[in-house]
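Read off the chains here:
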Amino acid sequence: MPDFDKNRYAPILKEKMSAESYRKLTALENLKLFDFVGEYVELCKPDSVYMCDDSDTDAEYLKRNALKLGEEKKLAKEGHTVHYDGYEDQGRAPGATKNLISKELIPLMEALLPKEREEGLAEVRQIMDGIMKGKEAIVKLSCEAPSGGPFAIGCAQMTDSFYVCHSEELLYRRGYEHFRRMKDKERFFRFVHSAGRLDERGNSIDLDKRRIYQDLEDFIVLSTNNQYAGNSVGLKKHAMRLAIKLSGMEGWLCEHMFVMSVQDEKKGRSTIFCGAFPSACGKTSTAMLPGEKIIGDDIAYFRNIDGEFRAANVENGIFGIIKDVNPDDDPLIFKTLQTPGKEIIFSNVLTGPDNNPYWLGMGIDPPKKGRNFSGEWHEGKKDADGNQIPFAHSNARYTLRLGYLENIDSSYNDPNGVPVRGVVYGGRDSDTSAPIEESPDWKSGIILKACTLESETTSATIGKEGVLAPQPMANLDFISYPIGQYITNNIRFVEGIKEVPPIFAVNYFLRDQNGRFLTGKIDKKVWMHWAERRIHNELDAHRTPLGYIPIYEDLREMFRDILDQEFSRELYEELFKFRIDAWIAKISRAVRFYHRTAPDCPQEYYDTWKSTVEKLEGLKGRFGKFIAPGAYSE
Ligand code: SPV
Ligand code: MN
């Protein structure tokens, strides 16, 4: 047991912590944790410090204080609360986010929010000096992925926001007991967050001093003057950036992926998929497809365990986009969100005069006034630039425990993770990629599908929406070591894997000339079942220059079987024609992107992109601009 009484932080911690909190901290016998708490209490100067353990009493304390301090307000239904982030704090803030790295690495990481480490630390530490004055700091321990297995990582959060801790309580597994079992030497992630000075609505005032700085050498994240969960909740995207760095060092992967299982009830088969989609591109709704089972909707760790490709869901809950959650498109989530007695945090929705939450695309007419992310709101309210303020924000969210969902997969808590049989990459483009295409092999899937993934920007990050942006592996916002090396690690991950899962590329956003979506929202269920049956070698496919697509008759039958819908050959031909020019343009954009952002990208990958473009150019002579499904062979 370390002699904590002789530690330089003992006096300050004893002064600011109750005897019980101090006992809980020292009982873990973890000097690194003690020093972490001491160092940041000394710097941030909270009035008091509360140490949580895994008890329900402490979980209640967090909830109660979030309400008492006004960070959350009770809604009409029991257990439901609403939280508001500031008007300019409604999404992740890439402009304020930096990966702190050594000078030598900066030229290799220009597109990855780099900042020289010492300089960044000095800057943010200055902002943090005294930032918690007048407040209580909470120390909450959690565990990413189920404790007791190879995936688990301990996490220590210190914050002055009870909302942040309450969110972590819903989204992650409690970790005090995990820390008790952890040896003193074991690495864990650390996060310090402060919402900073608050206005009368309880929102961060000093947004000019908003910083989200990842120290990738010391595995610690310092986040100031913000509240939106993607900026404040340490275990979410901060931990993800740290985990990506760690996985790169240790030879595993941390991906921006859901984990779900497709159910073939007739055959009694459950097949696990992981899927990467940039924010707001259909990830949660794929993971939550009716009739299938969910394991996680946002972040997955992959490990090779005895030659098996296994994944663990890092989280224990969902921080999901609420826009368009309605009884038709997301029946399961909609039902859960309407159920009293579940502990759910709604954020940045409209609170109506009836004290119920309303959101965009809910399928219900909202009240004409209430409270929203702009404060008191009434229909027609305008912002400072004269633009109408919508009744709810398009990045409004819900936070709930996975365990509330009827469709949770029973394996979601397995410390050894689950065996992955298929990997999906989903982009968002209106005129290039087919609804589903299987790659011929893992490497080609990574280089031609995952690396060329693009998305139109969405409201999940602050900035202009609707701009086509490269999104390698849907992970660009979180990759924390040079991209070339990251691609190589993705390719090499399957070395030694006995059964390498096929890679499928999906796109739910193809449009016709009038801008209308060509596919229905529920059609993704058919694409996923097609992938499932391909994995089990039950279906043939047509060859394309980049992979395999479904045969019309198979889809017609599956649309009937699964959705009770007719699927016309005409629509099939339109959806699955191979768009040669669009693909050449897409690959060329990727090449320009890697030239600009990944000086360490191996020549071999450029050679693949170049030869693919040449091959496609050559096909134009034979086919024209489009290749009809079935017309191509190798
Ligand atoms: C995403 O935007 O990818 C999310 C929500 O999962 S956030 O926590 O903001 O990153
Ligand atoms: Mn995400």
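Use the structure listed above.
Description of the structure in this document. (Residues numbered from 1 in each chain as written. Chains lettered and ligands numbered in written order. Predicted model: local features only at pLDDT ≥ 70, side-chain atom pairs only at ≥ 80, totals over all residues. Heavy atoms only, no water.)

Contacts to ligand 1 come from 11 residues, most closely from R92, Y228, K237, S279 and D298. For ligand 1, an oxygen atom lies 2.6 Å from a polar atom in the side chain of Y228. Between H256 and ligand 1, the recorded distance is 3.2 Å, taken from a side-chain N or O atom to an oxygen atom. In isolation ligand 1 offers 280 Å² of accessible surface; the protein chains occlude 96% of this area. (Near = heavy atom within 4 Å. Polar contact = N/O pair within 3.5 Å; in protein donor to acceptor, adjacent residues only side chain to side chain. Areas by Shrake-Rupley, 256 points an atom, 1.4 Å probe, with all protein chains shown as cover.)

Turning our eyes to something else, we now look at the coordination of the manganese ion (ligand 2). Of the protein atoms, only K237 (NZ), H256 (NE2) and D298 (OD) coordinate the manganese ion (ligand 2), at distances of 2.1 to 2.3 Å. Counting gaps between the donor residues of the manganese ion (ligand 2) yields the pattern K-x18-H-x41-D. Here D298 lies in the loop between β15 (293–296) and β16 (300–305) and H256 lies in the loop between β12 (253–255) and β13 (257–264), a separation of 42 residues in the sequence. Judged by its relative accessible area of 2%, H256 falls in the buried class. (Donors = N, O, S within 2.8 Å, 3.2 Å for Na, K, Ca; no water. Helix = DSSP H or I, 4+ residues; strand = E, 2+ residues; numbered from the N terminus. Buried < 20%, exposed > 50% of the residue type's maximum accessible area, 1.4 Å probe, protein only.)

The next subject is the sheet that holds strand β17 (residues 308–313). Through backbone hydrogen bonds, the strands of a sheet pair up, either in parallel or in antiparallel fashion. Pairing in this open sheet of 4 strands is antiparallel, and the strands run β12-β16-β17-β25 from one edge to the other. With one partner strand each, in any of the chains shown, β12 and β25 (418–419) form the two edges of the open sheet. One ladder, built from 3 bridges, connects β12 with β16; its direction is antiparallel. Bridging from a neighbouring strand, L253 pairs with F302 of β16. This element, helix α9 (residues 234–250), spans β12 and β16 of the sheet and lies at about 150 degrees to β12. (Pairing = 2+ DSSP bridges. Contact = heavy atoms within 4.5 Å. Axes fitted to C-alpha atoms, helices over the stretch in contact; angles between N-to-C directions.)

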